[in-house]
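# A closer look at the structure
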Amino acid sequence: MWRVVGALWLLAVGSAWGAEGDELYRDMLVHYEAGEYREAEALALASLKIQRKNLQPGDPALGVALSNAAMMFRAQGKFNDALPLLREAVDLAGGAVDPDPERLATYLDNLGGVLQDRGDSSEALSSYEAALALRQAHLLPDHRDIAGSLNNVAVMMEHFERDAEARDFYTR
């Protein structure tokens, strides 16, 4: 899946990164899919550095680079390194002139996952609920991303032993 997402992303914004940024991004995807997270992390950070230099402040492509680098940290259990990058991506997407609610919801889901992995369950639930609210406001009710957000909230409800609420989210 990362390869398809990556290819589509390169088509959409690759020229803003330049050839070097495109190559780093492609290599990062290859290493990530191979489970070579250290290598993928190094490439994601190099790509992020190039994008910070080449992109205008507030450019949505920067949020993607931040999220990618954070996911490389998460894959290695480096949650404290992932959190500031995801928080920056959320801030960037939330403060955009022309906000993309689905992108913001994705970053909130990613943030929730890192918080959940780190054991910050209350914060994770808040992040998942914010992602769900955005998706419910901007997507059709049967969209698969809403289902994913409902599941994330349900899992957290189970964690807090709020089983009746969890069942409600699972059955929506």
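The structure presented is a predicted model; accordingly, all values stated were derived computationally and were not measured.

What follows is about the overall build of the chain. Across its full length, the chain carries 8 helices and 0 strands. Going from N to C terminus, the chain has its helices and strands arranged as α-α-α-α-α-α-α-α. Of all 172 residues assigned to the chain, the portion counted as buried reaches 42%. Entry remark: accessible area of the chain is about 9,100 Å², with carbon and sulfur atoms responsible for 53%.

Here alanine 154 is to be found in helix H7 (residues 144-159). Between the alpha carbons of alanine 154 and tyrosine 128 there is a distance of 9.7 Å; along the sequence they are 26 residues apart. Aside from chain neighbours lying at most four places away, what touches alanine 154 is Ala166, Phe169 and Tyr170.

Moving on, we come to the packing of helix H5 (residues 101-118) against helix H6 (residues 121-138). Remark: H5 packs on H6, axes separated minimally by 8 Å, with the N-to-C direction vectors making an angle of 160°. With respect to each other, H5 and H6 are oriented roughly antiparallel. Of the two possible hands of crossing, H5 and H6 adopt the one that is left-handed. Touching Pro101, Glu102, Leu104, Ala105, Thr106, Leu108, Asp109, Leu111, Gly112, Gly113, Leu115 and Gln116 of H5 are Glu123, Ala124, Ser127, Tyr128, Ala130, Ala131, Leu134, Arg135 and His138, all from H6. Among the residues forming the contact of H5 with H6, the class breakdown is 11 nonpolar, 6 polar and 4 charged.

To continue, consider the pattern of salt bridges. Tallied over the full model, the rule gives 9 salt bridges. Salt-bridge contacts for glutamate 102 lead to arginine 135; the nearest nitrogen and oxygen are separated by 3.1 Å. Of this pair, glutamate 102 sits in helix H5 while arginine 135 sits in helix H6; the two residues are 33 residues apart in sequence, bridging distant segments of the chain. By relative accessible area, arginine 135 is classed as buried at 5%. For arginine 162, the salt bridge identified is with glutamate 165, shortest N-O distance 2.8 Å.

Okay, unusual backbone geometry next. The backbone of glutamate 161 shows a phi angle near 60°, a positive value even though the residue is not glycine. Relative to the elements of secondary structure, glutamate 161 occurs in the loop between H7 and helix H8 (163-171). What makes glutamate 161 exposed here is its relative accessible area of 70%.

On to the side chain of serine 121, then. Position of serine 121 among the secondary structure elements: in helix H6. Assessed through its relative accessible area of 11%, serine 121 is described here as buried. Contact partners of serine 121, with chain neighbours within four places excluded, come to Met156, His159 and Phe160.

The next point concerns the side chain of arginine 135. A polar atom in the side chain of arginine 135 sits 2.7 Å from the side chain of serine 149. Apart from the residues lying within four places of it in its own chain, the contact partners of arginine 135 are Glu102, Ala105, Thr106, Asp109, Asp145, Ile146 and Ser149.

To continue, consider the nonpolar core. Core analysis: the biggest nonpolar cluster contains 50 residues, and Met28, Leu48, Leu85, Val114, Val153 and Phe169 have the highest contact counts within it. Put simply, the parts of the chain that give this core at least two residues each are helix H1 (2-33), helix H2 (37-54), helix H3 (60-75), helix H4 (79-94), H5, H6, H7 and H8. Per-element accounting of this core gives the leading share, 10 residues, to H3. Look past the residues within four positions of leucine 85 in its chain and what remains in contact with it is Leu48, Arg52, Leu66, Ala69, Ala70 and Phe73.

Cut-offs and rules
- Residues numbered from 1 in each chain as written.
- Predicted model: local features only at pLDDT ≥ 70, side-chain atom pairs only at ≥ 80, totals over all residues.
- Heavy atoms only, no water.
- Helix = DSSP H or I, 4+ residues; strand = E, 2+ residues; numbered from the N terminus.
- Buried < 20%, exposed > 50% of the residue type's maximum accessible area, 1.4 Å probe, protein only.
- Areas by Shrake-Rupley, 256 points an atom, 1.4 Å probe, with all protein chains shown as cover.
- Contact = heavy atoms within 4.5 Å.
- Axes fitted to C-alpha atoms, helices over the stretch in contact; angles between N-to-C directions.
- Parallel < 35°, antiparallel > 145°, perpendicular 65-115°, else oblique.
- Left-handed = near helix turned anticlockwise from the far one by under 90°.
- Nonpolar A, V, L, I, M, F, W, Y, C, P; charged D, E, K, R; others polar.
- Salt bridge = Lys/Arg side-chain N within 4 Å of Asp/Glu carboxyl O.
- Polar contact = N/O pair within 3.5 Å; in protein donor to acceptor, adjacent residues only side chain to side chain.
- Core = buried A, V, L, I, M, F, W, Y, C linked by side-chain atoms within 4.5 Å.

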